[in-house]
Amino acid sequence: MTKVYAAARALAVLLAIVAAFMAIPNVNVAALLVGLGLVAGLGTDAEATPRALLSTIALPVVAVALAHLPAVGTHLAAIATNLGLATAGIAATAVALRVFAMLMTDWGPKSA
């Protein structure tokens, strides 16, 4: 399964870059990026969760700053925004898995 998570992560990065330079007809790129992030998030360990959460917050801020660069700023901002969407999916999965683990600890079967 780790290959599936890695493939979802790689496809999200590739799609984030491609979608910044060309329109993809009949594809909701934002939903696809978040979906790929959700799949990639299943393979994220607990150590990477803070980095995913920080990236989710930082990438849109970086995108705004990059947008002010002449000539290439809009493309770089679009890439950062798209990567932010993918990391939002990763962070959402990591948070959901953490909440599930806490619920299982609280309400799961107790060992004697």
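This structure is a prediction, so every number in the text was calculated from the model and none was measured.

### Points about the overall build of the protein
Summing up its helical and strand segments, the protein has 4 helices and 0 strands in all. In the protein, the succession of helices and strands from N to C terminus is α-α-α-α. If one aligns the C-alpha atoms of the protein with their principal axes, the spans along those axes are about 65 × 30 × 20 Å. Burial status across the protein gives 29% buried among its 112 residues. Once local pairs closer than 6 in sequence are excluded, the contacts in the protein between residues at least 24 apart make up 75%. Accessible area of the protein: about 7,200 Å², with a carbon and sulfur share of 75%.

### Digging into the packing of helix H3 (residues 49-66) against helix H4 (residues 73-107)
When two helices pack together, their arrangement is given by the angle between their axes and by how far apart the axes lie. Contact geometry of H3 with H4 gives a least axis separation of 8 Å together with a crossing angle of 160 degrees. In terms of orientation, H3 and H4 fall into the roughly antiparallel class. Handedness of the H3/H4 crossing: left-handed. For the contact of H3 with H4, the per-class residue count stands at 14 nonpolar, 7 polar and no charged.

### Comments concerning H3
Because each turn of an α-helix spans 3.6 residues, side chains separated by three or four positions in sequence point in the same direction. The terminal C-alpha atoms of H3 lie 25 Å apart, and with 18 residues this matches the ideal 26 Å at 1.5 Å per residue to within 8%. The sharpest bend along H3 comes to roughly 30 degrees, located at alanine 58, with the proline proline 60 sitting one to four residues further on. Within the sequence span of H3, burial applies to Thr49, Ala52, Leu59 and Ala63. Contacts from the buried residues of H3 go to H4.

Rules and cut-offs
Once a new chain begins, its residue numbering starts again from 1 and follows that chain's sequence as written. The model is predicted, so local features are restricted to residues of pLDDT at least 70 and side-chain atom pairs to those at 80 or more, both for listing and for counting; the totals for chains, interfaces and linings are taken over all residues. Side-chain descriptors were evaluated using all non-hydrogen atoms of the structure, hydrogens and water having been removed beforehand. To qualify as a helix, a DSSP run of H or I must reach at least 4 residues; to qualify as a strand, a run of E must reach at least 2; elements of each kind are numbered from the N terminus. Exposed residues in this analysis have more than 50% of their type's maximum accessible area, buried residues have under 20%, and partly exposed residues fall in between, with area computed by a 1.4 Å probe over protein chains only. Residues are treated as being in contact if the distance between any of their heavy atoms lies within 4.5 Å. A 1.4 Å probe and the Shrake-Rupley method give the accessible areas. Residues count as covered only by the protein chains that appear here. All axes are obtained by fitting lines to C-alpha atoms, using only the stretch in contact for helices, and the reported angles, taken between N-to-C directions, cover 0 to 180 degrees. Angular relationships are summarised with four words: roughly parallel below 35 degrees, roughly antiparallel beyond 145, roughly perpendicular across 65 to 115, and oblique for the angles in between. In a left-handed crossing the near helix is turned counterclockwise from the far helix by less than a right angle, and in a right-handed crossing that turn is clockwise. Side-chain classes are defined by residue name, with Ala, Val, Leu, Ile, Met, Phe, Trp, Tyr, Cys and Pro counting as nonpolar, Asp, Glu, Lys and Arg as charged, and the others, Gly among them, as polar. Every helix has an expected span of 1.5 Å times one less than the residues it contains. Note that bend, as reported per residue, equals the angle between axes fitted to the 7 residues terminating at that residue and the 7 residues originating from it.

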